[in-house]
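Fold and geometry: a report
In case you want the letters, here they are:
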Amino acid sequence: RDLHYRVVMWNDMTSDYEASTTPQNITQKILDRMRPMGIIVLHDGRDTKIGYSRQNVVKALPVLIEKIRQAGYEFAPLDQLLREKPYFYDH
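For the structure given in this document, a descriptive report is provided here. (Residues numbered from 1 in each chain as written. Predicted model: local features only at pLDDT ≥ 70, side-chain atom pairs only at ≥ 80, totals over all residues. Heavy atoms only, no water.)

As for the overall build of the protein
For the protein, the count of helices and strands is four helices and two strands. When the helices and strands of the protein are read in sequence order from the N terminus, they spell out β-α-β-α-α-α. Per-residue burial for the protein yields a buried fraction of 21% across its 91 residues. Long-range pairs, those at least 24 residues apart, make up 67% of the contacts in the protein between residues at least 6 apart in sequence. Counting only carbon and sulfur atoms, one obtains 52% of the accessible surface of the protein, whose full area is about 7,300 Å². (Helix = DSSP H or I, 4+ residues; strand = E, 2+ residues; numbered from the N terminus. Buried < 20%, exposed > 50% of the residue type's maximum accessible area, 1.4 Å probe, protein only. Contact = heavy atoms within 4.5 Å. Areas by Shrake-Rupley, 256 points an atom, 1.4 Å probe, with all protein chains shown as cover.)

Describing the side chain of T27
Summarising the element assignment, T27 is placed in helix α1 (residues 23-33). Apart from residues lying up to four places away in sequence, T27 is in contact with A60, V63, L64 and K67.

Here's the deal with the nonpolar core
The biggest cluster of nonpolar side chains holds seven residues, and these are I26, I30, L31, V57, A60, L64 and I68. Of all the secondary structure elements, the ones that give two or more residues to this core are α1 and α3 (55-70). Here this core takes four residues from α3, the largest share from any one element. Leaving out residues up to four positions away in the same chain, V57 has contacts with D16, I26, L42 and H43. (Core = buried A, V, L, I, M, F, W, Y, C linked by side-chain atoms within 4.5 Å.)

Let's talk about unusual backbone geometry
Although it is not a glycine, M37 sits at a positive phi angle of roughly 65°. One can find M37 in the loop between α1 and β2 (40-41).

Comments concerning α3
Here α3 contains 16 residues, and its C-alpha end-to-end distance of 23 Å stays within 8% of the 22 Å for a straight helix at 1.5 Å per residue. Helix geometry: α3 is bent most strongly at L61, by close to 35°, with proline P62 lying one to four residues after it. Positive backbone phi, at 95°, marks G72, one or two positions downstream of α3. (Expected span 1.5 Å × (residues − 1). Bend = angle between axes of the 7 residues up to and from the residue.)

As structure tokens, then:
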């Protein structure tokens, strides 16, 4: 807050970070919760952090993207969604 940053939360997240989660499970959970202006969280790089492959997320993405578009939704960067200029935090 002191830096005037805005905290943005998500409304749709699956257990994609768990090794036992299937691509189908990831896709279905997101599609079930889809809504206008929704913010979806998917984790990347977990194989570099805790030893799990990210293949479930990678395999889910093509189907997920296609089904979201078929439902009439579009993808947008967060700054466009919030209508705010992006900022970057540099440690």
